[in-house]
Amino acid sequence: LFNLHLHDMNWIKAFRREVIEDLELKSDWHRFILMLAAHKGYRIGEVKTNWYPRKSGRSKFGLDRIPIAFLDLMAIKFLLIFMDKPMRFFGFWGMLCIALGFSVLIFLILLWLIYHMQLRPFMLFSFFSVLIGVFILMIGFLAELISLQQIKINKIEQRLKK
């Protein structure tokens, strides 16, 4: 999913200080540190270690962890794909809504011209689909502006560190 070819991503980890300071982590994202570091351009290596089965006691981790980890995995993947270029996400969905609205509108116009029949609920659907598509595109433009500002802030921070 993240194109990292490692044996075990959730075992013992060691990092340079600058890697950890450069990552923005949330509470359960410790599982995804390797993916976040690789996305930022850091080299990832692996030293295989021996694993021994548990001799006593029980694991404190159960099946209730799976849904939370899955949602975190989806959030990380989404952010890594669309954080730098949010218009790819919002533009796709916005243009899809607009295309759907206009295609329904063309169908309704043809229906009126050929059969002199109208379907007002579909006309409302067409109108709102185009409107929602335009709103989604505007959100995409705003997200692009925010992303650009974050890039500028990061460059300034890097200059100040030097």
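The structure this text deals with has already been given above.
Residues numbered from 1 in each chain as written. Predicted model: local features only at pLDDT ≥ 70, side-chain atom pairs only at ≥ 80, totals over all residues. Heavy atoms only, no water.

### Digging into the pattern of salt bridges
Applied cut-off: Salt bridge, as used here: a side-chain nitrogen of Lys or Arg that lies within 4 Å of a carboxyl oxygen of Asp or Glu. To qualify as a helix, a DSSP run of H or I must reach at least 4 residues; to qualify as a strand, a run of E must reach at least 2; elements of each kind are numbered from the N terminus. Here the term buried applies to any residue with accessible area under 20% of the maximum for its type, exposed to any over 50%, and partly exposed to those in between, with areas from a 1.4 Å probe on protein chains only.
Tallied over the full model, the rule gives four salt bridges. The partner of Lys40 in a salt bridge is Glu24, and the shortest N-O contact between them spans 3.6 Å. Placement of Lys40 in the loop between helix H2 (33-39) and helix H3 (65-82) and of Glu24 in the loop between helix H1 (17-22) and H2 is noted, with a sequence separation of 16 residues between them. A relative accessible area of 54% places Glu24 in the exposed class.

### A look at helix H4 (residues 87-115)
We count it as follows: Helices are assigned an expected span. That span is 1.5 Å times one less than the residue count. Contact criterion: two residues are considered in contact whenever any of their non-hydrogen atoms come within 4.5 Å of each other.
Helix length check: H4, at 29 residues, gives a terminal C-alpha distance of 40 Å against a target of 42 Å (1.5 Å per residue), a fit within 8%. Here the buried face of H4 lies against helix H5 (120-161). One or two positions beyond H4, positive phi appears at His116, with a value near 50°.

### Observations concerning a nonpolar patch on the surface
The line we're drawing: Residues qualify for a patch when their relative accessible area is over 30% and they have no salt bridge, like charges being joined within 9 Å and the nonpolar side chains of Val, Leu, Ile, Met, Phe, Trp and Tyr within 5 Å. Throughout, the Shrake-Rupley method with a 1.4 Å probe supplies accessible areas, and for residues the shown protein chains are the sole cover considered.
A contiguous nonpolar surface patch, about 870 Å² in accessible area, is contributed by Ile106, Ile109, Leu110, Trp112, Leu113, Ile114, Tyr115 and Met117. Relative to the assigned elements, Tyr115 resides in helix H4. The class of Tyr115 is exposed, set by a relative accessible area of 59%.

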